[in-house]
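# Summary of the model geometry
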Amino acid sequence: MTQMARAANPEVGHLYDVIVVGSGAAGLAAAATAAVDGRRVLVLEATDRVGGTTAISGGMVWIPANCKMREAGLPDSADAAREYLRQTVPDSEHDPRMSAFLARGDEAIRFFEQHTAVKLRPVRRYPDYYPDLPGATAGGRVLEPLPFDGRALGEDFALLRDPLPELTLFNGMMISREDIPVLRRVGRSPGAAWHTAKLVARYGTQRLRHHRGTSLVLGNALAARLYKSVRDLGVPIVRNASVVGLETSDGRVIGVRADIDGRTVSLRADRAVILATGGVSHHHDLRRDYVPTWAGDRSATVASGADRSGVHLARDVGAQLTPASSSVDGAFALWVPVSQFKRADGSPAVFPHIVTDRAKPGIVAVNKEGRRFVNEAVSYHEFGRAQLRDPARAIPAWLVCDSRFLWKYGLGRVRPFTLAVSREVQTGYLKRSTTFEGLAQAIGVPGDAFADTMRTYNVAAERGEDPQFGRGSNIYQRHLGDADHQPNPCVAPIERAPFYAVAVYPADLGMAAGIVTDEFARVLNREGRPIDGLYACGNDMQSVMNGQYPGPGITIGPALVFGYVAATHAVQADTNRHSSFARPA
Ligand SMILES: Cc1cc2nc3c(=O)[nH]c(=O)nc-3n(C[C@H](O)[C@H](O)[C@H](O)COP(=O)(O)OP(=O)(O)OC[C@H]3O[C@@H](n4cnc5c(N)ncnc54)[C@H](O)[C@@H]3O)c2cc1C
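What counts, and where the lines are drawn
Residues numbered from 1 in each chain as written. Predicted model: local features only at pLDDT ≥ 70, side-chain atom pairs only at ≥ 80, totals over all residues. Heavy atoms only, no water. Helix = DSSP H or I, 4+ residues; strand = E, 2+ residues; numbered from the N terminus. Buried < 20%, exposed > 50% of the residue type's maximum accessible area, 1.4 Å probe, protein only. Contact = heavy atoms within 4.5 Å. Areas by Shrake-Rupley, 256 points an atom, 1.4 Å probe, with all protein chains shown as cover. Lys, Arg positive; Asp, Glu negative; His and termini not counted. Charge placed at Lys NZ, Arg CZ, Asp CG, Glu CD. Near = heavy atom within 4 Å. Polar contact = N/O pair within 3.5 Å; in protein donor to acceptor, adjacent residues only side chain to side chain. Nonpolar A, V, L, I, M, F, W, Y, C, P; charged D, E, K, R; others polar. Pairing = 2+ DSSP bridges. Right-handed = clockwise from strand over helix to strand, strands pointing away.

### Considerations on the overall build of the chain
- Assigned secondary structure in the chain consists of 17 helices and 21 strands.
- Overall, the chain is about 75 × 55 × 50 Å in size when its C-alpha atoms are taken along their principal axes.
- Among the 585 residues that make up the chain, the fraction classed as buried is 59%.
- In the chain, of all internal contacts separated by at least 6 residues, the share reaching a separation of at least 24 is 75%.
- Just so you have it, the chain exposes about 22600 Å², and 51% of that area is on carbon and sulfur atoms.
- Charged side chains in the chain number 68 positive and 61 negative. The centres of these two groups are separated by 4 Å.

In structure tokens:
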């Protein structure tokens, strides 16, 4: 248990209106919504930190036709979004949950903006992942949290989950999206050098008093804003509180059983229990119903250590789950290629190759035959699914680059401008050779085929072309490339020795399978009827995107919206039928 875990928990009463299980985006959104309505709300969190996977995420929030993009003059409409989703998410036009997401997304955002510390802004340039399809937008559907000063949480800042260390500098300095290209120019532009110096100086002063930088961005800023909101609304968040069961009476859920600091207690929820435990990524008994064993059990999400997920809890009271059948192409999870390593303390970790390297100019992915198998600049989900479609040859795959690329963009956990990479070579994370033949040997692929792959790629790359897979062929890919590199931001030859490779495997960054709900986020039983008093949102809820990944922020967007929808419905629901619990004086 960490030092943070010893910070005292708030007193736990025994009767609440709403009990929320899990303190990620979905849970805290639900808690804030119910608390704004004046309800007695309790949040139970299994770990010693608040924020869940949300706190280590990019914090992107996908909400079509939102008010923020309208204010910024960016065009969109619910019809355009519906058309785009019709083509990217099968059956979405018949899914009442999707209609609710589109109809109420903007309402949810306005609610949070008005009543809580959650403040979002549109990302003007961040295309949908299939930007050539009708109804796609080039930006604005995705919102990001405004940066947040962690000091506003006071002592509770220490209880907020830290971001991924691999995505911070100097062991705790967060980097915003806008700062990345500036940092990349640091050696070439006095302006960039000055900006960087200011960031580092600010970080230095923050570290005098805190265990990490307090200028928060991305998912950490979102989790912090939600945390501050529920705290200011007087909602206790109890950590080290693992929910192990649901209490029921006459078919209605009336509370939870939770292990809190080693004691099992029963807590009553007069109106609703809202499940938001982040899904079954780390619960192998249920995960294997949805992910074939050969896909592996790697997950980029935070493990709660809890015995039971919200999905287990709901199943135990008769909830309907996504039908179990391992989908061959991984349609029941959201995928990202990850590389594996051990942290300095020996703990195993994965680096999610989301946006930092795959689409940059001068890198290819090869399979075990030394051949390319995918356009490396497509979304992480598409890349992962390409691996899953050909597991025998493409798991693991190898990302291959040269020394110029490694210096400029980094590779996985190796950051740009790293002077000495020998340690990463010694640990085996990076493979290195001065020749293609040598690198082929190091990664165990046929030398002739690999040399041929590199030769073929390089010939066209000289002209900025990729006739084989079309890297850089749409605005999404070019957005993730390097705008300073022309004519194609995603294509450059791989020619300056030594050459490097890192192995990548598919991992989930959230499950798409989970609890079946209706459009109010009410948990449905096996006959399709709502279970009174029980709601699910976030990754506990079967994804409204049906295992597809149409744009950035398609898990946190619905997590916020259905957290809001669940709580709104719960506080409005008629409670006369279960008035056997006296409300506290
Ligand atoms: C590196 C990375 C980047 C990502 N970037 C984005 C992005 O930019 N946009 C996007 O939309 N998605 C992104 N995702 C996915 C996204 O972060 C998650 O899908 C989302 O945060 C899940 O939110 P949640 O509220 O469902 O769960 P979580 O945020 O994981 O919260 C669940 C909480 O429940 C707790 N819990 C679990 N079991 C119990 C129990 N029995 N009792 C009590 N508490 C329990 C957990 O400890 C956890 O704190 C990213 C994922 C990763 C890994």
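### Side note on the site of the ligand
- In the vicinity of the ligand, 38 residues are found, and the nearest of them are Glu45, Thr54, Arg308, Thr555 and Ile556.
- Contact distances for the ligand include 3.0 Å between an oxygen atom and a backbone N or O atom of Ala26.
- Glu45 places a polar side-chain atom, nitrogen or oxygen, 2.6 Å from an oxygen atom of the ligand.
- Within the complex, the protein chains bury 96% of what would otherwise be the 1000 Å² of accessible surface of the ligand.
- The set of elements that each furnish at least two residues to the shell around the ligand consists of helix H1 (25-36) and strand S11 (241-249).
- Counting residues per element, the shell around the ligand draws most heavily on S11, at three residues.
- By residue class, the composition of the shell around the ligand is 17 nonpolar, 19 polar and two charged.

### Remarks on the environment of Val425
- One can find Val425 in helix H13 (residues 422-426).
- Along the sequence, Val425 and Tyr126 sit 299 residues apart, while their C-alpha atoms lie 34 Å from each other.
- Beyond its immediate sequence surroundings of up to four residues, Val425 is in contact with Leu430 and Arg432.

### Notes on the pairing of strand S2 (residues 41-44)
- Covered by surrounding structure in S2 are Val41 and Val43 together with Leu42 and Leu44, the residues of both alternating faces.
- Pairing geometry for strand S1 (residues 15-21) and S2, over four bridges, is parallel. Bridge pairing in S2 places Val18 opposite Val41.
- In terms of handedness, the path from S1 via H1 over to S2 forms a crossover that is right-handed.
- Pairing between S2 and strand S10 (residues 237-238): two bridges, direction parallel. Across the sheet, Val43 pairs through a bridge with Ile237, a residue of S10.

### Overview of the pairing of strand S15 (residues 348-352)
- With respect to burial, S15 is a largely interior element, four of its five residues being buried.
- Strand direction decides the pairing type here: strand S14 (residues 333-342) and S15, joined by five bridges, are antiparallel. Bridging from a neighbouring strand, Phe341 pairs with Ala349 of S15.
- Hairpin connection, S14 to S15: the antiparallel pair is bridged by five residues, and Gly346 has positive phi, about 90°.

### Focus: the environment of Gln206
- Within the secondary structure layout, Gln206 lies in helix H6 (residues 190-209).
- Measuring from C-alpha to C-alpha, the distance between Gln206 and Arg39 comes to 36 Å, with 167 residues separating the pair along the chain.
- Beyond its immediate chain neighbours, meaning those up to four positions away, Gln206 contacts Gly213, Thr214 and Ser215.
- One polar contact links the side chain of Gln206 to the main-chain amide nitrogen of Thr214, over a distance of 2.9 Å.

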